[in-house]
Amino acid sequence: MDNSQLLKGILEGCVLAIIARCETYGYEIIGELENAGFEDIGEGTLYPVLTRLDKNKLIQCRRAKSPLGPVRKYYTITEEGKRNLDDFRKRYRRISASASSVLFSEKEI
Amino acid sequence: MNYSIMEQQLNGEYRDAFTAVITYGTLKNYSDEIMTERIAELFDTLLTAQTNGKPVGKIIGHNTERFCREFFEDCSNWDMTVKFLQSLFYMSCITFVLVLLLYLTDRGSAEGARYNLTPCIIGAAIYFIFSAVSNLIIVPLMFKSQKIKPAVWHRISLIVFFVIFITALILGSQTRSWIYIPESAYLICSGAYIAVYFIIRSVIRYRKNGSILKAPEDTIYIQNNREFNDKKYDAIVMKTWKKRYDVQYAKGKTDPGKFIEKLKKNNSTSRKMNILTGIAVISVYGVSVFRFASDGNITATIIFSLICGVICYKIWKFFIGALSSAQTQNDRLISECESSGLPFPEFAEKILKIYFSFTISRYAGSKRSLRICKAIKLN
């Protein structure tokens, strides 16, 4: 099974959780995901996620000059985003527990 | 948005990746709005990665085609339709002005002016053929070919466009024109399209940005590019002046004071030439309007003079604008040199060092930074 299919559902929640910690930007999000063990997440995967979150008003962005000069988009979570993240966490726990019980049954372990 | 200035700030594999995405987006015909937003975001990420020495693979992965597809994944067909409507708007504006001029010139002709629709059909055919060739041939080949760089594919696509354009023109000129419509009908239809497009665009912009003008962030991108360009311009000018100074000083023909005076004189002569060019353009404009007015129709003369005025202004701005901005920058450099109290050679070194540290902070440790050091002869 392709990793990207598996990731699709959870990536939005993870990105939202990173943005919820503090104001951040694309490059930093990629780094955070990489540190967390998501190795194949590049800008190509991240940007559509950020666009979707922005369109759904779960995050908002402001533009400011980066230390290197170019304009950078800084993302912050909205109130709607915080509610959505809480909801996502609950749903993820439930689904993860169910999936684990199926995938790692005592017999297999 | 000027992508080439952004490209210049990236090097090696970062630049290749950036060019591949631009070429992909351009050939896929995504709207300016989408391209501006995404390319700016990608540029920031790649520039930061380049400065931090993070491999490009960590940003775009190892499959550029997949990256491009994912990067523009959420762009619907509607975005491409918007781009088509945008292109149609610009084409309509140009043809509207040209046909209006023809209409004004042909007024009073016995048969009544008629407009040949063939060029419009040829234009649409070029658009669709080029889109098909780009999508079905150039883009897949670009990703398949490992040896040819994306920048080369960009140029190939331009050549293909011109080949299609010239072929269409030749075929069009050899085909007997078959669709004629009255110029007034063409003017009404294209004028209506321009008006509707303009109103819808203004409403969308107003709802999105609170103004019917371009979004303010667009100007931020321009400012950033200008800052980079200004520093680069200063360095190029200083390098040229320093070279000239060294040659003349070695021959004993100049000293720092004399050299600055000569630069001032050259710049002032160049400004006088601008005025002469301006007078020439205004004279041509005046003569054309006068000849047109001699026919006696006041309304037509007013419209004609307005259109010609805008065209002359645009031509003047295109040729003289760049020259004048260079002269202003030269004046600034000369006055900075005088106010610094430094002799010219030392001031030139100082400017080159400023550019050097600005550039080195962006390309730290890269081959490009060494190339720049070598180019401006600094260690």
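Small disclaimer: the values here were computed from a predicted structure and weren't measured.

Cut-off values and rules
- Residues numbered from 1 in each chain as written.
- Chains lettered and ligands numbered in written order.
- Predicted model: local features only at pLDDT ≥ 70, side-chain atom pairs only at ≥ 80, totals over all residues.
- Heavy atoms only, no water.
- Helix = DSSP H or I, 4+ residues; strand = E, 2+ residues; numbered from the N terminus.
- Buried < 20%, exposed > 50% of the residue type's maximum accessible area, 1.4 Å probe, protein only.
- Contact = heavy atoms within 4.5 Å.
- Areas by Shrake-Rupley, 256 points an atom, 1.4 Å probe, with all protein chains shown as cover.
- Pairing = 2+ DSSP bridges.
- Buried area = accessible area lost by both parts, 1.4 Å probe.
- Salt bridge = Lys/Arg side-chain N within 4 Å of Asp/Glu carboxyl O.
- Polar contact = N/O pair within 3.5 Å; in protein donor to acceptor, adjacent residues only side chain to side chain.
- pLDDT = per-residue confidence, 0-100.
- Core = buried A, V, L, I, M, F, W, Y, C linked by side-chain atoms within 4.5 Å.
- Phe/Tyr/Trp six-rings, centres within 6.5 Å; stacked < 30°, edge-to-face > 60°.
- Lys NZ or Arg CZ within 6 Å of the ring centre and 35° of its normal.
- Patch = residues over 30% accessible without salt bridge, like charges linked within 9 Å, V, L, I, M, F, W, Y side chains within 5 Å.
- Lys, Arg positive; Asp, Glu negative; His and termini not counted.
- Charge placed at Lys NZ, Arg CZ, Asp CG, Glu CD.
- Expected span 1.5 Å × (residues − 1).

**Student:** Would you mind showing me how to read the overall build of chain B here?
**Tutor:** Within chain B one finds 14 helices and two strands. The 379 residues of chain B split such that 38% are buried. Expressed as a percentage of contacts within chain B between residues at least 6 apart in sequence, the contacts between residues at least 24 apart total 78%. Here chain B has roughly 22000 Å² of accessible surface; of this, 65% comes from carbon and sulfur atoms.

**Student:** What should I look at first to understand the overall build of chain A in this one?
**Tutor:** Scanning chain A for helices and strands turns up four helices and three strands. Beginning at the N terminus, the succession of helices and strands in chain A can be written as α-β-α-α-β-β-α. Here chain A holds 109 residues, and 41% of them are scored as buried. Here the contacts in chain A between residues at least 6 apart in sequence split such that 50% fall between residues at least 24 apart. Carbon together with sulfur atoms contributes 50% to the accessible area of chain A, which is approximately 6600 Å² in total.

**Student:** It is not clear to me how the side chain of B:Gln329 should be interpreted in this structure. Could you clarify?
**Tutor:** Note on placement: B:Gln329 falls in helix H12 (residues 298–340). Excluding residues within four positions of it along the chain, B:Gln329 makes contact with B:Asp230, B:Tyr233 and B:Asp234.

**Student:** Help me understand the sheet that holds strand S1 (residues 24–25) of chain A, please; the structure alone is not making it clear to me.
**Tutor:** Residue and element names in this part refer to chain A. Pairing is antiparallel across the open sheet formed by three strands, whose spatial order is S1-S3-S2. Strand pairing shows two members of the sheet lacking a second neighbour, S1 and strand S2 (59–65), which therefore form its edges. Looking at chain direction, S2 and strand S3 (residues 71–77) are connected through seven bridges and run antiparallel. Bridge pairing in S3 places Ile 59 opposite Ile 77.

**Student:** Even after reading the chapter, I still don't get the environment of A:Thr24, so can you show me in this structure?
**Tutor:** Residues and elements named next belong to chain A. Relative to the assigned elements, Thr 24 resides in strand S1. What makes Thr 24 buried here is its relative accessible area of 2%. Taking C-alpha positions, Thr 24 is 6.9 Å from Thr 76, a pair spaced 52 residues apart along the chain. If sequence neighbours within four positions are ignored, Thr 24 has contacts with Ile 18, Ile 19, Ile 29, Lys 73, Tyr 74 and Tyr 75.

**Student:** Help me understand the interface of chain A and chain B, please; the structure alone is not making it clear to me.
**Tutor:** Accessible area lost during the coming together of the parts is what is often quoted as the interface size. Taken together, the contact pairs 29 residues of chain A with 29 residues of chain B. When chain A packs against chain B, close to 2500 Å² is buried across both sides, 52% of that on carbon and sulfur atoms. Across the pair B:Glu37 and A:Arg63 runs a salt bridge, and its minimum N-O distance is 2.5 Å. Put simply, chain A and chain B have seven residue pairs in polar contact (both at pLDDT 80 or more) between them.

**Student:** When you look at the confidence of the model for chain A in this model, what are you seeing that I'm missing?
**Tutor:** When pLDDT drops low, the exact placement of atoms in the prediction is not to be read closely. With 93% of its residues at a pLDDT of at least 70, chain A reaches an overall mean of 84. Averaged over each element, pLDDT in chain A is lowest for helix H3 (residues 43–55) of chain A (82) and highest for helix H4 (residues 79–103) of chain A (91).

**Student:** Explanation requested: the nonpolar core in the structure shown.
**Tutor:** Looking at soluble globular proteins, one finds that nonpolar side chains tend to be buried together. Formed by 64 residues in total, the largest nonpolar core has its most connected members in A:Val15, A:Ile29, A:Leu33, B:Phe18 and B:Phe72. No other element matches the eight residues that helix H3 (residues 32–52) of chain B contributes to this core. If near-sequence neighbours (up to four positions away) are discounted, A:Ile29 is found in contact with A:Val15, A:Ile18, A:Ile19, A:Thr24, A:Leu46, A:Leu50 and A:Tyr75. Membership of the second largest hydrophobic core comes to 17 residues, among which are B:Tyr245, B:Phe259, B:Leu263 and B:Leu333.

**Student:** In this structure, what is going on with the confidence of the model for chain B? I would like to understand it.
**Tutor:** On average, chain B scores 78 in pLDDT, and the residues at 70 or more come to 84%. No element of chain B has a lower mean pLDDT than helix H14 (residues 367–375) of chain B, at 56, and none a higher one than helix H2 (residues 12–27) of chain B, at 86.

**Student:** What am I meant to see in the packing of aromatic side chains here?
**Tutor:** Two aromatic rings are characterised by how far apart their centres lie and by the angle between their planes. Within the structure shown, the criterion is met by 21 aromatic pairs over all chains. Taking 6.1 Å as the distance between ring centres and 15° as the angle between the ring planes, the aromatic pair formed by A:Phe88 and A:Tyr92 counts as stacked. Placement of both A:Phe88 and A:Tyr92 in helix H4 is noted, with a separation of four residues, approximately one turn of the helix. Judged by relative accessible area, which is 41%, A:Tyr92 ranks as partly exposed. Between B:Tyr193 and B:Tyr197 the ring centres are 6.2 Å apart and the planes differ by 40°, which places this aromatic pair in the tilted class. With B:Tyr193 and B:Tyr197 both in helix H9 (residues 183–209) and four residues apart, the pair spans about one turn of that helix. In this structure B:Tyr197 comes out as buried when scored by relative accessible area, which is 14%. Among the aromatic residues, those joined into a cluster by ring pairs are A:Tyr47, B:Tyr24, B:Tyr30, B:Phe67, B:Phe71 and B:Phe72. The ring of A:Tyr25 carries A:Arg72 above its face, with NZ or CZ at 3.8 Å from the centroid.

**Student:** Explain unusual backbone geometry to me, please; I cannot follow it from the model alone.
**Tutor:** Excluding glycine, residues mostly have negative phi values, and the peptide bonds linking residues are mostly trans. We note that A:Lys57 has phi near 60°; this positive angle belongs to a residue other than glycine. Residue position: A:Lys57 is located in the loop between H3 and S2.

**Student:** Just checking my understanding: could you explain a positive patch on the surface for this structure?
**Tutor:** Among the surface-exposed residues, B:Arg244, B:Lys251, B:Lys253, B:Lys262 and B:Lys265 lie close enough to one another that they form a single positively charged patch. With respect to the helices, strands and loops of the structure, B:Lys265 is situated in helix H11 (residues 256–293).

**Student:** Can you help me understand the pairing of S3(A) in this one?
**Tutor:** One face of the sheet, then the other: side chains in a regular strand alternate in exactly this way. All names here are of chain A. Extensive coverage of S3 is indicated by the burial of six of its seven residues. Bridging between S1 and S3 involves two bridges; their strand directions are antiparallel. Of the residues in S3, the one forming a bridge with Thr 24 is Tyr 75. Here S2 folds back onto S3 in antiparallel fashion, the turn holding five residues, of which Gly 69 has a positive phi close to 120°.

**Student:** Can you help me understand H4(A) in this one?
**Tutor:** Residues spaced three or four apart along an α-helix point in a common direction, a consequence of the helix completing one turn every 3.6 residues. Its 25 residues place the ends of H4(A) 35 Å apart at the C-alpha level, agreeing with the 36 Å of an ideal helix rising 1.5 Å per residue. Every buried residue belonging to H4(A) is among A:Gly81, A:Leu85 and A:Phe88, and all of these are buried.

**Student:** Sorry, what's going on with the pattern of salt bridges here?
**Tutor:** A side chain with one charge may pair with a side chain of the opposite charge, provided their charged atoms come close. Within this structure, the stated rule accounts for 20 salt bridges over all chains. Residue A:Arg72 pairs with B:Asp44 through a salt bridge whose shortest N-O separation is 2.8 Å. In this pair, A:Arg72 is assigned in strand S3 and B:Asp44 in helix H3, connecting two distinct chains. This pair shows no difference in class: A:Arg72 is buried, exactly as B:Asp44 is. For B:Lys264, the salt bridge goes to B:Glu261, with nearest N and O atoms at 3.8 Å. Of this pair, B:Lys264 and B:Glu261 are both found in helix H11, three residues apart, which corresponds to roughly one turn of the helix. A relative accessible area of 32% places B:Lys264 in the partly exposed class. Connected via shared salt-bridge partners are A:Glu34, B:Lys54 and B:Lys58.

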